[in-house]
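# Analysis of the macromolecular model
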Amino acid sequence: RSCFFRVPKLAMTWQPDAVCDGLLASQRAEWLMGQGRSCEEAQRQVMQEFPAVFNLSQRWAGQTLCDGIRAEDRANWLVEHQQMTMEAAQQKVMQEFPKLFICEDSEIGTDIIRGKLLTSISPYPVSGSTNSTLTGTIEPNPPRWPETVKVLSQGADYAVVDQIYEEMKSLDKGQFSKSRYAILFEPSATPHEVDVRVGYYTSVYGLGRHPSDTKVRSLTSTNESPHPELGSLQNFWRSAENLHTGGHPTYSLDGEGGMLWAVSQAAPLRRAVVDHNLFLWYLRLPPAGVSSKDARYPKQGVALDYDGWVQLGYTDPIGDFASGGYMANVQVNGCVNLGSQQQFFARNCVAKAWQKGAWNFVFVGCPGAPHSEPGHAVAPVYSNVATTKVVAEKPFIVKRPDGRYSLAIPAVADARCGVDFSLTEEELRDFSRVFVAQPRHTAAEINGKLAEGKDIVFCPGIYQLSETLRVKHCGQVLLGLGFATLVAPETDMPCVQVADEAAGIRISGLMFEAFYRPLGNKTLGDLSPGPEALLRMGTGQITRDASVASSWNFIHDCFGRVGGQEAPLTARDELDGSRPSSRPQSQEPLFTSEARCRSMVQIHQPCVVGDNLWLWRADHWLSDQYLVYNHENFCSSGLHVARPAHHVTMYGLFVEHTLSDMTLWQGEDGVTYFYQSELPYDAMDEAAGQTSRVAPFKACGYLVDQAVQRHEAVGRSENPECLDQVLEWRPQDLRQGEVSSSVREEIWTNSVYYPKRFSMRW
């Protein structure tokens, strides 16, 4: 472990046209000169920051501190967890921290060019790109963060963390709140001594290059409702990324502690290191010796405190319900306890063990995860795929030691197994080319920055768009913080349109919401069906080579929503006993406005990866007090993969309650790993449909077009109220039963618990 590695020594000469982190060296030097450095000092600093570009020699030094961690410890971690050789690990560390390993006897050339600095660069060198120039002004770095973004250094006043949680924790007030928050912890050699509880529309991020650069004492999400019958089923819209966390201060199961993350949809855990165990469910029983009144402990109350459980014959203890979570690139140093989780998806995660869960679980690229043999018919059911097909991790933000920020865009990989926390300088972009948008910025202003070729980081908030945001440049990134929400324009246009020619795109961390249109005197049938899609990828006019990494576009942690946001408190108070117990007898709307769209995500271009999508037609307004009925919140489908969209891959796809085929797939060579769906409860039952004068649900939960020859789905579940709607696998579900060797599906269902492999043409 003490091997020596050295890059051959070469003289270093200034090269103004060298590309450094997507910017020309001359452009970087110009920015530094604007900060008060001389021309020679600026150019020398650029050369030191990018020694490989300028052929500068480096020497390994194991005791060097890299963001507070010894270089030798970083290299050892890469050897043990990434199966690297020691020489490769040391080279990787030197690539991540190039300035720290420059040889003292390196010769820096004196050929300093003092000519005119360029104002137009080509930061996106993608094959086939015709429009890849970045123009306009340099953005401030560090950026000017609004009040909705809290950047916390080690030892800061952490009271704001609890203040945000107290505002956003409530199931009834937080679930459809218009507030949004992002909490950013700076990297530090010592942990942030704070217990972080995460409520609705709150995202917690570390700002280090490696998750272990930013440690917090504990990180928790659990059910703050006193009603165990609801449990964590509506623990939506929260996230944590790029952190290293310890266990909950008091929570334990069978005497063992760990992180408590009891969530359902739209609550991703990414790029994280978890000490001890990870609990994905919540048992309402205080550990021995812990008072249920402990302020740090989640809401308590044994199951027998709830009359409904007593009537059903339950005895204490009982785990709260949870359903439909997602995590990726997570290292758990103990066990992952699935418990009462009904279904969960994990991609590229590692753990010592995975303990039993309730129903259905899918693992992709997770070494050591469980797998059920074909024909296994008893819950829980596990599907395990050894490696990830094509993937790029979600972009994230890094704060450098000098106070500047960078946008990290991890590279595309395939055949991956296990976690990957590596990051090179080539995967970082300086924030001088990133526009930090706030809700006060108009759609026209944001489009202007996109036209300049810049990346966009959306601060937390709700963006009422007056026009579609158009992504035209290859390699651009749209990254939302704190569940930044884009509301579609009133003109029945999408929130975001990606051009056919735009490749290498990353759209991450955003919510897409349908516009609420006034009803006036109209009935629901008189209204426009709304935009064709909230997010539209391409128009179907281009083909791509799937073997080329730069061909792929990625959608990470993006969530569509139709309805729910504007809770109808003006029409009915939560405590109002006049709420109808059955569907009304006409199509007259109950409220003054309604959200509508035809589909939430449409993909018309090839080579697209979706990595955690929840596309939700709201089935309730506030908690379960107000269920949606009479086809309110109109939306036909969640996901439509059109015929030109070949090679589309989905990791963790959740589509719920839409009124027609919920997922419609027409492109060839599609793959879905984990599909979770709930049918529309207000349009599913034949008798109820007749009573409310609306047609019952006769569409499909997941429909692959009859013309498709090659499609694969691993881990598919529809969860209806009545089994006869989808779980019969009627002809319109699977179409024709013609034998084909190219279509495969592994099915599990919430009620049948039967994984089945078969080859069919749908």
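Below or above, wherever it landed, is the structure these notes cover. (Residues numbered from 1 in each chain as written. Predicted model: local features only at pLDDT ≥ 70, side-chain atom pairs only at ≥ 80, totals over all residues. Heavy atoms only, no water.)

## Considerations on the overall build of the chain
We count it as follows: Under the DSSP-based scheme used, a helix requires at least four consecutive residues in state H or I and a strand at least two consecutive residues in state E, with every element numbered from the N terminus. For this analysis, residues touch if any pair of their heavy atoms sits within 4.5 Å.
The helix and strand tally for the chain stands at 10 helices and 46 strands. Once local pairs closer than 6 in sequence are excluded, the contacts in the chain between residues at least 24 apart make up 69%.

## Brief notes about empty space enclosed by the protein
What counts, and what does not: With a 1 Å grid spanning the protein atoms alone, the term cavity applies to any set of points in which a 1.4 Å probe fits but cannot get out, the term pocket to an open set with protein on both sides within 12 Å along at least five of seven lines, and the term lining residue to any residue with an atom within 4 Å of a point. Grid points are joined across faces, edges and corners, and a volume is the space filled by probe spheres set on the points. Under the convention adopted here, Pro, Cys and the residues Ala, Val, Leu, Ile, Met, Phe, Trp and Tyr are nonpolar, Asp, Glu, Lys and Arg are charged, and Gly plus all remaining residues are polar.
Overall, the coordinates contain 7 cavities of 30 Å³ or more when judged by the stated rule. Taken as a whole, the second largest cavity holds about 70 Å³ of empty space. Lining the second largest cavity are Leu184, Tyr205, Gly206, Leu207, Glu241, Asn242, Pro395, Phe396, Ile397, Leu479 and Leu481. Among the elements of the structure, strand E8 (202-206), strand E10 (238-245), strand E22 (396-399) and strand E30 (477-487) are those that each provide at least two residues to the lining of the second largest cavity. Considered class by class, the residues forming the lining of the second largest cavity number 8 nonpolar, 2 polar and 1 charged.

## Regarding the side chain of Ser232
Our working definition: Residue burial is assigned from relative accessible area. The probe radius is 1.4 Å, only protein chains are included, and a residue is buried under 20% of its type maximum, exposed over 50%, and partly exposed in between.
Assignment of secondary structure puts Ser232 in the loop between strand E9 (215-221) and E10. Residue Ser232 is classed as buried on the basis of its relative accessible area, which comes to 0%.

## So, the sheet that holds strand E25 (residues 428-430)
How we decide: Note: two strands are recorded as paired if DSSP finds a minimum of 2 bridges between them. Angles here are taken between N-to-C directions and fall from 0 to 180 degrees, while the axes themselves are lines fitted to C-alpha atoms, restricted in helices to the stretch in contact.
Taking strand neighbours across the sheet as the criterion, the 3 strands line up as E22-E23-E25 in an open arrangement whose pairing is antiparallel. Strands with a single pairing partner mark the edges of an open sheet, and in this sheet they are E22 and E25. The mean angle between the axes of side-by-side strands here comes to 35°, regardless of whether they run parallel or antiparallel. Bridge count between E22 and strand E23 (residues 405-408): 4 bridges; the pairing is antiparallel. Opposite Phe396, over in E23, you have Ala408 as the bridge partner.

## Some thoughts on unusual backbone geometry
Look at the link from Asn141 to Pro142: it is a cis peptide, with omega at 10°. Relative to the helices and strands, Pro142 is located in the loop between helix H4 (86-96) and strand E5 (149-152). In this structure, Trp237 is a non-glycine residue whose phi angle is positive, near 50°. Mapped onto the elements, Trp237 comes out in the loop between E9 and E10. Positive phi values are uncommon outside glycine, yet Asp492 reaches one of about 60°. On the secondary structure map, Asp492 appears in the loop between E30 and strand E31 (496-498).

## Here's the deal with the packing of helix H3 (residues 71-82) against H4
Note the cut-off: Roughly parallel here means an angle under 35 degrees, roughly antiparallel means over 145, roughly perpendicular means 65 to 115, and every remaining angle is called oblique. Take the far helix as your reference; a near helix turned counterclockwise from it by less than a right angle gives a left-handed crossing, and one turned clockwise gives a right-handed crossing.
Running from N to C, H3 and H4 point in directions that differ by 125°, and their axes come no closer than 8 Å. For the element pair H3 / H4, the angle class is oblique. Note on packing geometry: the crossing formed by H3 with H4 is right-handed. On H4, the residues touching Ala71, Arg74, Ala75, Asn76, Leu78 and Val79 of H3 are Met86, Ala89, Gln90, Lys92, Val93 and Glu96. Across the contact of H3 with H4, the residue classes tally to 7 nonpolar, 2 polar and 3 charged.

## Observations regarding the sheet that holds strand E39 (residues 635-641)
The strand order E29-E31-E34-E37-E39-E41-E43 describes an open sheet built from 7 strands, whose pairing is parallel. One side of each edge strand has no neighbouring strand; the edge strands of this open sheet are strand E29 (469-471) and strand E43 (703-704). As defined by bridge partners, E39 adjoins strand E41 (residues 663-665) across 3 bridges and the pair is classed as parallel. Paired with His640 across the bridge in E41 is Leu664.

## Considerations on the environment of Ser636
Mapping Ser636 onto the fold places it in strand E39. The class for Ser636 is partly exposed, based on a relative accessible area of 21%. A sequence separation of 23 residues divides Ser636 from Leu659, and the C-alpha atoms of the two residues are 4.8 Å apart. Every residue in contact with Ser636, bar those within four places of it in the chain, is listed here: Cys597, Arg598, Thr658, Leu659, Ser660 and Asp661.

## Examining the packing of aromatic side chains
Pairs of aromatic rings are described using the distance from one ring centre to the other and the angle between the two planes. The following threshold applies: Only Phe, Tyr and Trp rings take part, Trp by its six-membered ring, and two of them pair if their centres are within 6.5 Å. Stacked means planes under 30 degrees apart, edge-to-face means over 60, and tilted covers everything else. A positively charged side chain is recorded as over a ring if its NZ (Lys) or CZ (Arg) lies within 6 Å of the ring centre. The angle to the ring normal must also be within 35 degrees.
What the rule picks out here adds up to 25 aromatic pairs. Ring geometry for Phe483 against Phe559: centres 6.0 Å apart, planes inclined by 20°, an arrangement best described as stacked. Taken as a pair, Phe483 in strand E30 and Phe559 in strand E35 (residues 553-562) lie far apart in primary sequence, 76 residues in all. Assigned by exposure class, Phe483 and Phe559 land together as buried. Taken together, the aromatic side chains of Phe176, Tyr200, Tyr201, Phe236, Trp237, Trp614 and Trp616 make up a single cluster linked through ring pairs. Sitting over the face of the ring of Tyr201, Arg180 holds its NZ or CZ atom 3.9 Å from the ring centroid. The aromatic ring of Trp237 is capped on one face by Arg561, whose charged end is 4.6 Å from the ring centroid.

## Here we look at H3
Quick reminder of the rule: Here, expected helix span is obtained from the residue count minus one, scaled by 1.5 Å.
The terminal C-alpha atoms of H3, which comprises 12 residues, lie 16 Å apart, in line with the 16 Å expected from a rise of 1.5 Å per residue. Looking at the residues trailing H3, positive phi occurs at Gln83, about 55°.

## Re the pairing of strand E6 (residues 181-185)
Look at any regular strand and the pattern is simple: side chains alternate between the two faces of the sheet. By the criterion of burial, E6 is predominantly enclosed, with 5 of the 5 residues buried. By the bridge criterion, 4 bridges tie E5 to E6 in an arrangement that is parallel. The partner of Lys150 across the bridge, within E6, is Ile183. The sheet contact formed by E6 and E8 spans 5 bridges and is parallel. Residue Leu184 lies in a different strand from E8, and its bridge partner there is Tyr205.

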